Amino acid sequence: MPTPFDVLELDPDAGPAAVEAAYRDRVKEAHPDHGGSVREFLVVRDAYERIAEGYDALDHDADSEPETTAEAADREPPTPDPDQRLVRYVDYELLQERGWELTDPDLFEKAQAADVDGDRCGRCLVEDAQTLLEAAEADEMVWPYACRGGACTNCAVAVLDGEMPTGAGSILPRSMTDRGIRLSCMGAPVSDEATVVFNVKHLPGLDDLRLPISRFEQAELDD
Ligand code: FES
(Lines give C-alpha, C1' and ligand atoms only; values in the text may rest on other atoms or scores of the structure.)
Protein backbone atom coordinates (compact mmCIF):
# COMPACT_ATOMS: atom_id res chain seq x y z
CA MET A 1 0.00 0.00 0.00
CA PRO A 2 1.68 3.26 -1.06
CA THR A 3 2.19 5.90 1.60
CA PRO A 4 1.01 9.49 1.02
CA PHE A 5 4.66 10.38 0.31
CA ASP A 6 4.81 7.61 -2.31
CA VAL A 7 1.69 9.02 -3.98
CA LEU A 8 3.27 12.47 -4.17
CA GLU A 9 6.60 10.91 -5.24
CA LEU A 10 8.44 12.46 -2.30
CA ASP A 11 10.99 11.40 0.29
CA PRO A 12 9.35 10.89 3.70
CA ASP A 13 11.42 13.75 5.13
CA ALA A 14 10.25 16.29 2.52
CA GLY A 15 9.38 19.70 4.00
CA PRO A 16 6.11 21.64 3.56
CA ALA A 17 7.33 23.61 0.53
CA ALA A 18 8.37 20.41 -1.27
CA VAL A 19 5.04 18.78 -0.37
CA GLU A 20 3.11 21.75 -1.72
CA ALA A 21 5.11 21.81 -4.96
CA ALA A 22 4.81 18.05 -5.47
CA TYR A 23 1.08 18.18 -4.84
CA ARG A 24 0.57 20.91 -7.43
CA ASP A 25 2.46 18.86 -10.01
CA ARG A 26 0.75 15.58 -9.22
CA VAL A 27 -2.77 16.97 -8.97
CA LYS A 28 -2.52 18.43 -12.45
CA GLU A 29 -1.37 15.08 -13.89
CA ALA A 30 -4.18 13.33 -12.04
CA HIS A 31 -6.91 15.74 -13.13
CA PRO A 32 -9.60 14.05 -15.29
CA ASP A 33 -9.35 16.82 -17.86
CA HIS A 34 -5.58 16.31 -18.18
CA GLY A 35 -5.37 12.57 -18.73
CA GLY A 36 -6.02 11.38 -15.17
CA SER A 37 -9.23 10.25 -13.52
CA VAL A 38 -11.44 11.30 -10.63
CA ARG A 39 -10.19 8.32 -8.61
CA GLU A 40 -6.54 9.21 -9.19
CA PHE A 41 -7.31 12.84 -8.39
CA LEU A 42 -8.88 11.84 -5.07
CA VAL A 43 -5.93 9.61 -4.16
CA VAL A 44 -3.54 12.53 -4.73
CA ARG A 45 -5.71 14.98 -2.83
CA ASP A 46 -6.11 12.53 0.06
CA ALA A 47 -2.33 12.02 0.23
CA TYR A 48 -1.77 15.76 0.39
CA GLU A 49 -4.40 16.25 3.08
CA ARG A 50 -2.98 13.45 5.20
CA ILE A 51 0.51 14.97 5.07
CA ALA A 52 -0.76 18.52 5.62
CA GLU A 53 -3.32 17.75 8.32
CA GLY A 54 -0.97 19.04 11.03
CA TYR A 55 -1.49 22.63 9.94
CA ASP A 56 -4.97 22.20 8.56
CA ALA A 57 -6.74 22.09 11.91
CA LEU A 58 -8.83 25.24 11.99
CA ASP A 59 -10.96 25.77 15.04
CA HIS A 60 -14.22 27.26 13.82
CA ASP A 61 -16.45 28.30 16.70
CA ALA A 62 -19.95 27.50 15.50
CA ASP A 63 -21.53 29.33 18.44
CA SER A 64 -19.91 32.69 17.89
CA GLU A 65 -21.80 35.35 15.94
CA PRO A 66 -19.90 36.52 12.85
CA GLU A 67 -18.91 40.17 12.87
CA THR A 68 -20.93 42.27 10.43
CA THR A 69 -19.40 44.60 7.88
CA ALA A 70 -20.68 47.62 9.84
CA GLU A 71 -18.93 46.39 12.99
CA ALA A 72 -15.79 45.69 10.99
CA ALA A 73 -15.92 49.16 9.43
CA ASP A 74 -15.87 50.67 12.94
CA ARG A 75 -12.57 48.96 13.58
CA GLU A 76 -9.28 50.25 12.20
CA PRO A 77 -8.19 48.07 9.29
CA PRO A 78 -5.28 45.80 10.22
CA THR A 79 -1.87 47.35 9.57
CA PRO A 80 0.25 45.11 7.38
CA ASP A 81 3.86 44.33 8.32
CA PRO A 82 6.41 44.64 5.50
CA ASP A 83 5.99 40.93 4.80
CA GLN A 84 2.19 41.07 4.71
CA ARG A 85 -0.36 42.30 2.20
CA LEU A 86 -3.80 43.68 2.98
CA VAL A 87 -6.59 42.10 0.93
CA ARG A 88 -10.19 43.35 0.87
CA TYR A 89 -12.67 40.71 -0.20
CA VAL A 90 -16.33 40.57 -1.24
CA ASP A 91 -18.44 37.48 -1.93
CA TYR A 92 -19.66 37.25 -5.53
CA GLU A 93 -23.02 35.94 -4.30
CA LEU A 94 -23.55 39.29 -2.58
CA LEU A 95 -23.08 41.02 -5.95
CA GLN A 96 -25.62 38.72 -7.52
CA GLU A 97 -28.14 39.29 -4.73
CA ARG A 98 -27.83 43.07 -4.90
CA GLY A 99 -27.52 43.38 -8.68
CA TRP A 100 -24.01 44.88 -8.44
CA GLU A 101 -21.42 44.49 -11.18
CA LEU A 102 -17.76 43.49 -10.92
CA THR A 103 -17.02 46.77 -12.65
CA ASP A 104 -18.71 48.95 -9.99
CA PRO A 105 -15.93 51.34 -8.93
CA ASP A 106 -16.90 51.43 -5.22
CA LEU A 107 -17.90 47.81 -4.82
CA PHE A 108 -16.09 47.17 -1.52
CA GLU A 109 -17.47 50.34 0.07
CA LYS A 110 -21.00 49.45 -1.04
CA ALA A 111 -20.64 45.95 0.38
CA GLN A 112 -19.34 47.34 3.66
CA ALA A 113 -22.28 49.71 3.90
CA ALA A 114 -24.69 46.80 3.28
CA ASP A 115 -24.03 45.56 6.83
CA VAL A 116 -23.81 41.86 5.96
CA ASP A 117 -21.88 39.15 7.79
CA GLY A 118 -18.17 39.84 7.90
CA ASP A 119 -17.36 36.60 6.11
CA ARG A 120 -19.04 38.01 2.97
CA CYS A 121 -17.07 41.24 2.95
CA GLY A 122 -13.97 42.07 4.95
CA ARG A 123 -10.21 42.28 5.06
CA CYS A 124 -7.44 39.81 5.74
CA LEU A 125 -3.67 39.90 5.91
CA VAL A 126 -1.67 37.58 3.68
CA GLU A 127 1.75 36.44 4.91
CA ASP A 128 4.69 36.05 2.54
CA ALA A 129 4.52 32.28 2.38
CA GLN A 130 0.72 32.01 2.19
CA THR A 131 -1.62 31.64 -0.73
CA LEU A 132 -4.71 33.81 -0.65
CA LEU A 133 -6.80 30.73 0.09
CA GLU A 134 -4.59 29.84 3.07
CA ALA A 135 -4.78 33.41 4.40
CA ALA A 136 -8.58 33.40 4.13
CA GLU A 137 -8.76 30.08 5.95
CA ALA A 138 -6.38 31.32 8.64
CA ASP A 139 -8.85 34.18 9.10
CA GLU A 140 -11.60 31.56 9.58
CA MET A 141 -13.25 32.46 6.29
CA VAL A 142 -15.42 29.95 4.48
CA TRP A 143 -13.75 30.16 1.06
CA PRO A 144 -14.68 27.72 -1.71
CA TYR A 145 -12.09 25.20 -2.89
CA ALA A 146 -11.82 21.55 -3.91
CA CYS A 147 -8.42 20.47 -5.26
CA ARG A 148 -6.07 23.08 -3.70
CA GLY A 149 -3.83 22.50 -6.70
CA GLY A 150 -4.96 24.77 -9.53
CA ALA A 151 -7.06 22.17 -11.28
CA CYS A 152 -10.73 22.79 -10.49
CA THR A 153 -11.37 26.62 -10.42
CA ASN A 154 -13.59 26.41 -7.31
CA CYS A 155 -11.28 28.85 -5.50
CA ALA A 156 -11.27 31.45 -8.31
CA VAL A 157 -11.28 35.17 -7.46
CA ALA A 158 -11.63 38.31 -9.56
CA VAL A 159 -8.86 40.78 -8.77
CA LEU A 160 -10.39 44.26 -8.94
CA ASP A 161 -7.48 46.22 -7.60
CA GLY A 162 -3.83 45.33 -6.99
CA GLU A 163 -1.54 42.77 -8.56
CA MET A 164 -1.79 39.01 -8.31
CA PRO A 165 0.29 36.75 -10.58
CA THR A 166 -1.50 34.05 -12.53
CA GLY A 167 0.40 31.18 -10.92
CA ALA A 168 2.52 28.62 -12.74
CA GLY A 169 0.47 25.91 -14.37
CA SER A 170 -2.91 27.58 -13.87
CA ILE A 171 -5.60 25.96 -16.00
CA LEU A 172 -7.31 29.32 -16.53
CA PRO A 173 -7.43 30.34 -20.19
CA ARG A 174 -5.97 33.65 -21.30
CA SER A 175 -9.49 35.05 -21.79
CA MET A 176 -10.07 34.68 -18.03
CA THR A 177 -6.68 35.82 -16.76
CA ASP A 178 -6.96 38.91 -18.96
CA ARG A 179 -10.14 39.73 -17.01
CA GLY A 180 -8.26 39.50 -13.71
CA ILE A 181 -9.43 36.02 -12.73
CA ARG A 182 -6.94 34.13 -10.57
CA LEU A 183 -6.89 30.92 -8.55
CA SER A 184 -6.55 31.69 -4.84
CA CYS A 185 -4.97 28.30 -4.11
CA MET A 186 -2.09 29.11 -6.46
CA GLY A 187 -0.79 32.35 -5.00
CA ALA A 188 -1.59 35.71 -3.50
CA PRO A 189 -1.46 39.41 -4.36
CA VAL A 190 2.05 40.85 -4.58
CA SER A 191 0.95 44.47 -4.23
CA ASP A 192 0.74 45.96 -0.72
CA GLU A 193 -3.04 46.12 -0.99
CA ALA A 194 -5.59 44.40 -3.21
CA THR A 195 -9.34 44.03 -3.59
CA VAL A 196 -10.81 40.74 -4.78
CA VAL A 197 -14.22 39.20 -5.31
CA PHE A 198 -14.17 35.56 -4.22
CA ASN A 199 -16.63 32.79 -5.01
CA VAL A 200 -16.71 33.73 -8.71
CA LYS A 201 -16.80 30.08 -9.78
CA HIS A 202 -20.19 30.60 -11.46
CA LEU A 203 -18.99 33.41 -13.70
CA PRO A 204 -19.68 32.66 -17.37
CA GLY A 205 -16.61 30.92 -18.74
CA LEU A 206 -15.44 29.63 -15.35
CA ASP A 207 -18.44 27.37 -14.87
CA ASP A 208 -17.36 25.37 -17.93
CA LEU A 209 -13.92 24.71 -16.43
CA ARG A 210 -15.10 23.95 -12.92
CA LEU A 211 -15.10 20.42 -11.56
CA PRO A 212 -18.04 20.36 -9.15
CA ILE A 213 -17.15 19.33 -5.60
CA SER A 214 -20.08 16.88 -5.75
CA ARG A 215 -18.21 14.96 -8.44
CA PHE A 216 -15.46 14.18 -5.95
CA GLU A 217 -17.91 13.41 -3.19
CA GLN A 218 -19.74 10.96 -5.44
CA ALA A 219 -16.48 9.25 -6.38
CA GLU A 220 -15.63 8.92 -2.69
CA LEU A 221 -19.00 7.27 -2.09
CA ASP A 222 -18.35 4.87 -4.97
CA ASP A 223 -14.99 3.76 -3.51
S1 FES B 1 -9.03 24.72 -5.22
FE2 FES B 1 -9.06 23.83 -7.19
S3 FES B 1 -8.15 25.35 -8.44
FE4 FES B 1 -7.96 26.15 -6.45
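Residues numbered from 1 in each chain as written. Predicted model: local features only at pLDDT ≥ 70, side-chain atom pairs only at ≥ 80, totals over all residues. Heavy atoms only, no water.

Observations concerning the nonpolar core
- One finds Leu132, Trp143, Val157, Ile181, Val196, Val200 and Leu206 to be the most contacted residues of the largest nonpolar core, which totals 39 residues.
- Elements with a contribution of two residues or more to this core: strand 1 (84-91), helix 5 (92-98), helix 6 (107-113), strand 2 (121-127), helix 7 (132-138), strand 3 (156-161), strand 4 (181-183) and strand 5 (193-198).
- Those residues in contact with Val157 that lie beyond four places of it in its chain are Leu132, Trp143, Met164, Gly180, Ile181, Arg182, Ser184, Val196, Val197, Phe198 and Val200. (Core = buried A, V, L, I, M, F, W, Y, C linked by side-chain atoms within 4.5 Å. Buried < 20%, exposed > 50% of the residue type's maximum accessible area, 1.4 Å probe, protein only. Helix = DSSP H or I, 4+ residues; strand = E, 2+ residues; numbered from the N terminus. Contact = heavy atoms within 4.5 Å.)

Observations concerning unusual backbone geometry
- Despite not being glycine, Glu9 has its phi angle at roughly 60°, a positive value.
- By the element assignment, Glu9 lies in the loop between helix 1 (4-7) and helix 2 (16-30).
- We note that Asn199 has phi near 70°; this positive angle belongs to a residue other than glycine.
- Relative to the assigned elements, Asn199 resides in the loop between strand 5 and helix 9 (213-222).
- Residue classification places Asn199 among the buried positions, given a relative accessible area of 8%.

Some details on the packing of aromatic side chains
- If you walk through the whole model with that rule in mind, you get four aromatic pairs.
- Ring centres 4.2 Å apart and planes at 15° place the aromatic pair Tyr23 and Tyr48 in the stacked group. On the criterion of sequence distance, the pair formed by Tyr23 in helix 2 and Tyr48 in helix 3 (residues 38-52) is long-range, its members being 25 residues apart. With respect to burial, Tyr23 and Tyr48 carry one shared label: buried.
- With 4.5 Å between their ring centres and 20° between their planes, Trp143 and Phe198 make a pair best called stacked. In this pair, Trp143 is assigned in the loop between helix 7 and strand 3 and Phe198 in strand 5, connecting sequence segments 55 residues apart. (Phe/Tyr/Trp six-rings, centres within 6.5 Å; stacked < 30°, edge-to-face > 60°.)

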